[in-house]
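# Coordinates in review
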Amino acid sequence: MTCPSAGWAERERTSTSICWWEPLLIPGLVQTPDYARAILSVGPYSTEDQLEEMISARMERQAILDRPEPSSLWVIIDETVLRRRIGGSKIMYGQLSRLAAQAKRPSITVQVLPGEVGAHVGLMGGFAIASGNGSDTVYMESPDEGQTTEAPSVLAKLTSTFNILRGEALSQAASRELIMKVAEESWT
């Protein structure tokens, strides 16, 4: 998992809304420090200081959700994200509990795409769409580094993909219930 570019981090800061589809991990904007550390520590980083800088930067990005007028965040995650044990049971329980709590905030929507959906349009990879200030920007993750684009054709396709995933995902209430159910299972 790479860290978003400085350009994307700035785009997050200036956005009024972010729609994020993630088939692999809890999105960085709602990660706990322990979950982030478990993910980032498997990367090819040379020093503990670099790892701590990346974790700190990820946590600082979350400040957009605590502003007086926070950016709205709509997260859709694949059910496998909830069940992938990152960092062990204590870390997963903490992460999933926090995700469920974040989902109760008025500016944050979290939906889970259930496993029984099977093959779907989001299997090709995760992305985020930041909107506001008259333009939209897409962020796409890769093993090397994240890429951003404002190309209208890419924005149109990924907006459509997000809307399809939103329609196939569980409701907000059912998603929170599933998140807490999996959290409890991860603790045992």
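We now turn to the structure provided with this report. Note that the structure is a prediction, hence the values are computed from the model and not measured. (Residues numbered from 1 in each chain as written. Predicted model: local features only at pLDDT ≥ 70, side-chain atom pairs only at ≥ 80, totals over all residues. Heavy atoms only, no water.)

Looking only at helices and strands, the protein chain has 7 helices and 6 strands in total. In sequence order, the secondary structure elements of the protein chain are arranged as α-β-α-α-β-α-α-β-β-β-β-α-α. Against the 2.2 N^0.38 benchmark of 16 Å for 188 residues, the protein chain shows a C-alpha radius of gyration of 16 Å, consistent with a compact globule. If one aligns the C-alpha atoms of the protein chain with their principal axes, the spans along those axes are about 45 × 40 × 35 Å. Each of the 188 residues in the protein chain was classed as buried or not, and the buried ones make up 46%. The contacts of the protein chain with a sequence gap of at least 6 include a subset with a gap of at least 24, amounting to 76%. Accessible surface, the protein chain as shown: approximately 9100 Å² in total, 56% of it carbon and sulfur. Positive and negative side-chain charges of the protein chain, numbering 17 and 23 respectively, have mean locations separated by a distance of 5 Å. (Helix = DSSP H or I, 4+ residues; strand = E, 2+ residues; numbered from the N terminus. Rg over C-alpha atoms; globule rule 2.2 N^0.38 Å. Buried < 20%, exposed > 50% of the residue type's maximum accessible area, 1.4 Å probe, protein only. Contact = heavy atoms within 4.5 Å. Areas by Shrake-Rupley, 256 points an atom, 1.4 Å probe, with all protein chains shown as cover. Lys, Arg positive; Asp, Glu negative; His and termini not counted. Charge placed at Lys NZ, Arg CZ, Asp CG, Glu CD.)

For the structure on display, the rule yields 1 aromatic pair. Judged by centre distance (5.2 Å) and plane angle (25°), the ring pair of Trp8 and Tyr139 falls under stacked. Placement of Trp8 in helix H1 (residues 6-14) and of Tyr139 in strand E5 (residues 135-140) is noted, with a sequence separation of 131 residues between them. Judged by its relative accessible area of 3%, Tyr139 falls in the buried class. (Phe/Tyr/Trp six-rings, centres within 6.5 Å; stacked < 30°, edge-to-face > 60°.)

Looking now at the pairing of E5. Looking at chain direction, strand E4 (residues 127-132) and E5 are connected through 6 bridges and run antiparallel. Across the sheet, the residue bridging to Ser131 is Asp136, located in E5. Counting the residues between successive antiparallel strands, the hairpin from E4 to E5 contains 2 residues, one of them, Asn133, with a positive phi of roughly 60°. Here E5 pairs with strand E6 (residues 147-149) via 3 bridges, running antiparallel. Across the sheet, the residue bridging to Val138 is Thr149, located in E6. (Pairing = 2+ DSSP bridges.)

Our next topic: helix H6 (residues 152-168). Taking 1.5 Å of rise per residue, 17 residues should cover 24 Å, and H6 covers 24 Å from first to last C-alpha, within 8% of that figure. Looking only at H6, the buried set comprises Leu155, Leu158, Thr161, Phe162 and Leu165. On an axial view of H6, the arc spanned by its buried residues comes to 130°, and they lie on one face. Residues of H6 that are exposed and point over 90 degrees away from its buried face: Pro152, Ser153, Lys157 and Gly167. (Expected span 1.5 Å × (residues − 1). Arc of directions from axis to C-beta.)

Our focus in this paragraph is the pairing of strand E2 (residues 72-78). Counted residue by residue, E2 has 5 buried out of 7 residues, so it is predominantly covered. Two strands pair when backbone bridges link them, and strand E1 (residues 17-22) and E2 are joined in this way by 6 bridges, in the parallel orientation. Within E2, the position partnered with Ile18 by the bridge is Leu73. Pairing between E2 and strand E3 (residues 108-113): 6 bridges, direction parallel.

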